[in-house]
Amino acid sequence: GYQVTGVFMKNWDPLDEQGACSIDRDCEDAYRVCQKLDIPFHQVSYVKEYWNEVFSDLLKEYELGRTPNPDIVCNKHIKFNYFLHYAMDNLGADAIATGHYARTSLEDEEVFQHKHVKRPQRLFRNRFEVRNTVKLLQGADLFKDQTFFLSQISQDALRKTIFPLGDLTKSFVKKIAAEHGLHHVLKKKEACFKGFNTMFAFQSMGVCFIGERNFENFLLEYLEPQPGNFVSIEDKKVMGTHKGWFLYTIGQRARLAGLKDAWFVVDKDVSTGDVFVAPSTDHPALYRDLLRTNRVHWIAEEPPAELVRDKMMECHFRFRHQMALVPCVLTLNQDGSVWVTLVKPARAITPGQFAVFYKGDECLGSGKILRMGPSVYTMQQGKNREEGPKKEEIDKIEPAT
């Protein structure tokens, strides 16, 4: 019942890279869908914008020893900013529709009831401005829910977006596609489209523009090697060497030359270049129950009333797509950041990733993880050290028999 236009976004320029690139094939796939549906087809390039606002940020984060999430940053700056305004200003669109598995509190008809008006950029929101806040809600298919990736988009963008797949399961969407003869799209592998986004994509996973290439080699094309040591977290023994701490993330398996046993990254020291490893995937050094974010981006533009009133609030969070939601308590800081205290320790909390917060089925927003509390292993070691001297002091007074 809507007048629809298909748009293919190109966000990465493969001209200077070696190896096969799928951009032409992906563009052709999108064009064939538009032909099948008998709707107009457009192409738009945000290569420069993606480089400046997403990829440059990614490289900076890795240099700081953090692990970024470019998909969240891309949605914030490219898809739900540059592309949204292109659709409104150049195509005369009233709304955009994407294939994210998510919902909003607006009915589709409400999205079309008012025209898009650019609000003046202010540091603070006009407190006399009356607005009915649009909520970002999880998709009906909770396994495919993609609100995680949308947790940094603006209230204005959400107000002008519809998610046709929000109430559907992925299997049902595939069934619809098959019934309409879109078999060439269904044949695509369960992988990302290497950074070339289309509104018809069925899959969106990982660092898209890298594709099937070796991630370590890809990063070393842009960052200088920073050799250092793998160090055992338990006895501080050097276990091997690496080409750069930015090549490793918390929880990742580290392949150490000459060792058959699996070791896992538990921490990094950028000042020394040491990457600390532990001998098991569930080692207590991988578990923490406290973290701090930067200034949180709230979908509603302001923190929840309960958090403002009490400075604390119970909710749930995740820092990886599809991980189970974890109960936590937020503590609001004056600068808009939050401390996140978990009900029980979580594995492989990683600086640079986004802590995404939920209340019921509503996605409240997210903040980038900048600091972490001590690991369970560190706490255990500290406790052992505290208990040790006390026993020795007692023994001095009354020697053990």
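Residues numbered from 1 in each chain as written. Predicted model: local features only at pLDDT ≥ 70, side-chain atom pairs only at ≥ 80, totals over all residues. Heavy atoms only, no water.

The protein chain carries the name Mitochondrial tRNA-specific 2-thiouridylase 1 in an unreviewed UniProt entry, which gives Antrostomus carolinensis as its organism. In its Catalytic activity (unreviewed entry) section, the UniProt entry covering the protein chain states "5-taurinomethyluridine(34) in tRNA + S-sulfanyl-L-cysteinyl-[protein] + AH2 + ATP = 5-taurinomethyl-2-thiouridine(34) in tRNA + L-cysteinyl-[protein] + A + AMP + diphosphate + H(+)". Under the Sequence similarities (unreviewed entry) heading, UniProt states for the protein chain: "Belongs to the MnmA/TRMU family." (UniProt positions renumbered as here; feature names shortened; annotations may be inferred.)

Novice: Requested: an account of the overall build of the protein chain, with residues and values cited.
Specialist: Across its full length, the protein chain holds ten helices and 18 strands. For the protein chain, the share of sequence-separated contacts (at least 6 apart) that also reach a separation of at least 24 residues comes to 66%. If you sum the accessible surface of the protein chain, you get close to 21600 Å²; carbon and sulfur atoms cover 51% of it. (Helix = DSSP H or I, 4+ residues; strand = E, 2+ residues; numbered from the N terminus. Contact = heavy atoms within 4.5 Å. Areas by Shrake-Rupley, 256 points an atom, 1.4 Å probe, with all protein chains shown as cover.)

Novice: Could you give me a rundown of the nonpolar core, with the residues and numbers involved?
Specialist: Among the nonpolar cores identified, the biggest contains 67 residues, and Leu136, Leu219 and Phe230 are the most heavily contacted of them. The biggest single contributor to this core is helix H3 (residues 70-89), with ten residues. Those residues in contact with Phe230, other than ones at most four positions away along the chain, are Lys237, Val238, Met239, Gly240, Thr241, His242, Tyr248, Ala254, Leu256, Val275 and Val277. Counting 22 residues, the second largest nonpolar core, distinct from the first, contains Leu291, Leu307, Leu342 and Ala355. (Core = buried A, V, L, I, M, F, W, Y, C linked by side-chain atoms within 4.5 Å. Buried < 20%, exposed > 50% of the residue type's maximum accessible area, 1.4 Å probe, protein only.)

Novice: So, unusual backbone geometry: which residues are in play, and what are the values?
Specialist: Backbone geometry places Lys236, a non-glycine residue, at a positive phi of 60°. Looking at the element boundaries, Lys236 is found in the loop between strand S7 (228-232) and strand S8 (238-242). Phi at Gln322 takes a positive value of approximately 75°, unusual for a residue other than glycine. Within the secondary structure layout, Gln322 lies in the loop between strand S14 (312-318) and strand S15 (326-332).

Novice: Give a description of the pairing of strand S18 (residues 362-372) that names residues and reports values.
Specialist: Side-chain direction in a regular strand flips from residue to residue, so the side chains alternate between the two faces of the sheet. Burial analysis of S18 places eight of its eleven residues in the buried class, which makes it a mostly covered element. With two bridges connecting them, strand S5 (residues 136-138) and S18 associate as antiparallel partners. Residue pairing across strands places Leu137 opposite Glu362, the latter belonging to S18. Judged from the three bridges that link them, strand S12 (residues 287-293) and S18 form a sheet pairing that is antiparallel. When the bridges of S18 are listed, Thr293 appears paired with Ile369. Note: strand S13 (residues 297-298) against S18, two bridges, orientation antiparallel. When the sheet's bridge partners are listed, Trp298 is paired in S18 with Gly365. Taking the residues between adjacent antiparallel strands as the criterion, strand S17 (residues 354-359) and S18 are bridged by two residues, where Gly360 takes a positive phi near 65°. (Pairing = 2+ DSSP bridges.)

Novice: For the side chain of Ser151, give the residues involved together with the corresponding values.
Specialist: On the secondary structure map, Ser151 appears in the loop between S5 and helix H5 (155-159). On the accessibility criterion, Ser151 (0% relative accessible area) is buried. Polar side-chain contacts of Ser151 include one of 2.9 Å to the side chain of Ser366. In contact with Ser151, other than residues within four places in its own chain, are Ile72, His297, Ile299, Val356, Cys363, Gly365 and Ser366. (Polar contact = N/O pair within 3.5 Å; in protein donor to acceptor, adjacent residues only side chain to side chain.)

Novice: Describe a negative patch on the surface, listing the residues and the values that go with them.
Specialist: A cluster of acidic residues, Glu107, Asp108, Glu109, Glu110 and Asp167, forms a negative patch on the protein surface. Along the chain, Glu110 falls in helix H4 (residues 108-111). (Patch = residues over 30% accessible without salt bridge, like charges linked within 9 Å, V, L, I, M, F, W, Y side chains within 5 Å. Salt bridge = Lys/Arg side-chain N within 4 Å of Asp/Glu carboxyl O. Lys, Arg positive; Asp, Glu negative; His and termini not counted. Charge placed at Lys NZ, Arg CZ, Asp CG, Glu CD.)

Novice: So what's going on with the pattern of salt bridges? Which residues, and what values?
Specialist: A complete count under the given rule lists ten salt bridges for this structure. Between Asp361 and Arg103 there is a salt bridge whose closest N-O contact spans 3.2 Å. Residue Asp361 is located in the loop between S17 and S18, and its partner Arg103 is located in strand S4 (residues 102-104); the two are separated by 258 residues in the primary sequence. With a relative accessible area of 37%, Asp361 lands in the partly exposed category.

Novice: Residues and numbers for H3, please.
Specialist: Where H3 bends most, the angle comes to about 30°, and this point is Lys76. Most of H3 is tucked away, with 14 of its 20 residues classed as buried. (Bend = angle between axes of the 7 residues up to and from the residue.)

Novice: So what's going on with the pairing of S17? Which residues, and what values?
Specialist: Burial analysis of S17 places five of its six residues in the buried class, the great majority of the element. Pairing analysis gives six bridges linking S17 to S18, with the strands arranged antiparallel. Note that in S18 the partner of Val356 across the bridge is Ser366.

Novice: Can you tell me about helix H2 (residues 47-63), naming the residues and giving the values?
Specialist: An α-helical segment advances 3.6 residues per turn. Residues three or four places apart therefore align on the same side. Across its 17 residues, H2 extends 22 Å between first and last C-alpha, which sits within 8% of the 24 Å expected from 1.5 Å per residue. Maximum bend of H2: about 30°, positioned at Phe55. For H2, every residue scored as buried is listed here: Glu49, Tyr50, Val54, Phe55, Asp57, Leu58, Leu59, Glu61 and Tyr62. Here the buried face of H2 lies against strand S2 (41-45), H3, helix H8 (215-220) and S18. With its phi angle positive at about 90°, Gly65 sits one or two positions after the end of H2. (Expected span 1.5 Å × (residues − 1).)

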